[in-house]
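# What the coordinates show
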Amino acid sequence: MVLQRTLSIIKPDATRRGITGNINAKIEAAGLRIIAQKMLRLTKEQAAAFYEVHAERSFYEDLCNNMTKGPIIVQVLEGDNAISVYRDVMGATNPINAAPGSIRREFGESIDMNSVHGSDAVETAAKEIEFFFNQLEIQGC
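Residues numbered from 1 in each chain as written. Predicted model: local features only at pLDDT ≥ 70, side-chain atom pairs only at ≥ 80, totals over all residues. Heavy atoms only, no water.

Take the side chain of T15 next. The topology assignment puts T15 in helix 1 (residues 12–16). Judged by relative accessible area, T15 falls into the buried class, the value being 16%. Of the polar contacts made by the side chain of T15, one reaches the backbone oxygen of P71; its length is 2.6 Å. Each residue touching T15, except ones within four places of it in the same chain, is listed here: I10, T20, P71, I72 and I73. (Helix = DSSP H or I, 4+ residues; strand = E, 2+ residues; numbered from the N terminus. Buried < 20%, exposed > 50% of the residue type's maximum accessible area, 1.4 Å probe, protein only. Polar contact = N/O pair within 3.5 Å; in protein donor to acceptor, adjacent residues only side chain to side chain. Contact = heavy atoms within 4.5 Å.)

Next comes the structure, spelled out in structure tokens:
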């Protein structure tokens with residue numbers, strides 16, 4: 001077991017529907033601790049910078065537009081193997097393909113509005129966490 005941190009974003013489609021508590025309950029039930037959390041609204045420029053790695057992909061513009069439609073909740077999660085645990089809890093990107101009981105299967109509306117984002121690797125997690133949080137805002141072990 002490796003203690004890790006990962007970034008979670010509860011996306012605008014989920015905040016609009018008032019299901020953030022349900023999503024947090026699934027995160028905590030999986031053994032992950034929420035050690036930092038805040039609500040904000042991304043500008044187009046911030047969304048473009050955050051998702052820059054996808055700039056050449058066909059879905060980039062839609063992704064940036066969807067992420068600026070309303071408030072998001074950004075979180076730092078901590079736990080044993082947090083990255084892979086959270087990716088399992090989230091489920092596949094397309095809610096239709098996500099495992100029963102996963103966040104995306106239960107709450108995702110579509111492949112574009114799938115309720116949550118999570119880091120995919122240790123290096124990505126560190127970069128994504130730094131994008132949204134400074135060390136004073138993170139209350140981990």
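The rest of the description comes next.
Moving on: the nonpolar core. Burial of nonpolar side chains together is a common tendency in soluble globular proteins. Of all hydrophobic cores here, the largest spans 19 residues; its most connected members are I9, M67, F132 and F133. A per-element tally of this core places helix 4 (residues 60–67) first, with four residues. The residues contacting F133, other than those within four sequence positions of it, are L7, A36, Q37, K38, V74, Q75, V76 and I138. Counting residues in each nonpolar core, the second largest holds 15 residues, with I73, V89, M90 and F107 among its members. (Core = buried A, V, L, I, M, F, W, Y, C linked by side-chain atoms within 4.5 Å.)

Within the element layout of this structure, P12 appears in helix 1. Among the residues examined, P12 registers a relative accessible area of 6% and is labelled buried. When the C-alpha positions of P12 and L77 are compared, they lie 19 Å apart, and in sequence the two are 65 residues distant. Excluding its chain neighbours within four sequence positions, the residues that come into contact with P12 are N66, M67, K69, G70, P71 and I72.

Here we take up the side chain of N114. Summarising the element assignment, N114 is placed in the loop between helix 6 (103–107) and strand 4 (116–118). Note on N114: relative accessible area 2%, which makes it buried. Among the polar contacts listed, one links the side chain of N114 to the backbone oxygen of I111, at a separation of 3.3 Å. Filtering out sequence-adjacent residues up to four positions away, N114 remains in contact with K11, D13, T93, P95, R104 and G108.

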